[in-house]
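Below, each chain spelled out in residue letters.
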Amino acid sequence: MGLLDTILGRSKPVPPDLDQLFALPSAALTLQAGAGFSPTGRGSVCFAGVEGGEFARLKQDVRELLDMDVSEEDLAEGGAPEGEAPVRFSRDSYGYTWLLAQRAPDDIPALVNDLHAVNTLLQDGGFGPQLLCSLLSFQDAEKRPLALVYLYKRGSFFPFAPLTGGAEKRDSQLELQIRAVLGDDLRVEPDLARWFPVWGAPGL
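I will try to describe carefully the structure that is included in this document. (Residues numbered from 1 in each chain as written. Predicted model: local features only at pLDDT ≥ 70, side-chain atom pairs only at ≥ 80, totals over all residues. Heavy atoms only, no water.)

Summing up its helical and strand segments, the protein chain has 6 helices and 6 strands in all. Starting at the N terminus and ending at the C terminus, the protein chain contains elements arranged as α-α-β-α-α-β-β-α-β-β-β-α. Of the contacts formed within the protein chain by residues at least 6 apart in sequence, a portion of 64% connects residues at least 24 apart. Split by element, the accessible area of the protein chain, about 10,500 Å² in all, is 51% carbon and sulfur. (Helix = DSSP H or I, 4+ residues; strand = E, 2+ residues; numbered from the N terminus. Contact = heavy atoms within 4.5 Å. Areas by Shrake-Rupley, 256 points an atom, 1.4 Å probe, with all protein chains shown as cover.)

Right, dumping it as structure tokens:
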């Protein structure tokens, strides 16, 4: 870091560390015990800038990586053959691509392994700069949604709690409560300005 960076308060980004994802199963247990939020079995990866033939190859690689053999009809109906984790690609209104993976709600380690494998595939394929975030979805007894979001370029997590009802509003008080509950389970992003909303994230 140079003198000018120090004066202006700029800092180098935290080197990406995908292994941080492996802290999620333990954090899920803490979240369930301390705040009553249980895993839904759904997780997503968000990335940008993959088009055309590259995108088609990427989809095929992901399906092979996760041992998938699910027809487009199965995916459209949200189902999959028994014993396999559904995977679905979509694109949001901002042009970002999402990959949604699903496992049994009580098999979070397998879901985290899937997310880690997909992120590693993208990084090894040269798409590391396009990776934006990964998230794991939760809900409580009142069906309130919550996500633990991993920021790829920051190497940190933050909670995101959208309010139900259609309006793009979030429960900031709940997010701060979740931060306190998690304690040392995850490397929580200290800069609240970087707790950006992921409206409409698949699986949330």
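A separate point is the environment of L115. Along the chain, the position of L115 falls in helix α5 (residues 108-127). Sequence spacing of L115 and L18 is 97 residues, and the spatial spacing of their C-alpha atoms is 9.5 Å. Setting aside residues no more than four positions away along its own chain, L115 makes contact with L21, G43, S44, V45, L135 and L136.

What follows deals with the packing of aromatic side chains. Across all of its chains, the model carries 4 aromatic pairs by this definition. Between F158 and W195, the aromatic rings sit 6.1 Å apart at their centres with planes inclined by 15 degrees, giving stacked as the arrangement. A residue pair is termed long-range when its members are at least 10 positions apart, and F158 in strand β6 (residues 156-160) and W195 in the segment after α6 (172-182) qualify at 37 residues. Owing to a relative accessible area of 1%, F158 belongs among the buried residues under this scheme. Here the aromatic residues F158, W195 and F196 are joined through ring pairs into a cluster of three or more. (Phe/Tyr/Trp six-rings, centres within 6.5 Å; stacked < 30°, edge-to-face > 60°. Buried < 20%, exposed > 50% of the residue type's maximum accessible area, 1.4 Å probe, protein only.)

Moving on to the sheet that holds strand β5 (residues 145-151). An order of β2-β3-β1-β4-β5-β6 is seen for the 6 strands of this open sheet, with the pairing classed as antiparallel. Edge positions in the open sheet fall to β2 (87-91) and β6, since each of these has one partner strand only. Across this sheet, the average inter-strand angle for adjacent strands is 20 degrees, counted without regard to direction. In the sheet, strand β4 (residues 131-139) pairs with β5 via 7 bridges, with the strands oriented antiparallel. Note that in β5 the partner of S134 across the bridge is Y150. Most of the contacts of helix α3 (residues 52-65) go to β2, to which it runs at about 155 degrees, and overall it touches β1 (38-47), β2 and β3 (97-102). (Pairing = 2+ DSSP bridges. Axes fitted to C-alpha atoms, helices over the stretch in contact; angles between N-to-C directions.)

Attention shifts here to the pairing of β5. Counting buried residues in β5 gives 7 out of 7 residues, a clear majority hidden from the surface. Neither face of β5 is exposed, since P145, A147, V149 and L151 on one face and L146, L148 and Y150 on the opposite face are all buried. Hairpin connection between β4 and β5: a loop of 5 residues separates the two successive antiparallel strands, and K143 in this loop has a positive phi of roughly 65 degrees. Sheet analysis places β5 next to β6, joined by 5 bridges and oriented antiparallel. In the strand pairing of β6, L148 is matched with P159. Hairpin geometry of β5 and β6 is characterised by an intervening segment of 4 residues between the two adjacent antiparallel strands and by a positive phi of about 65 degrees at G155.

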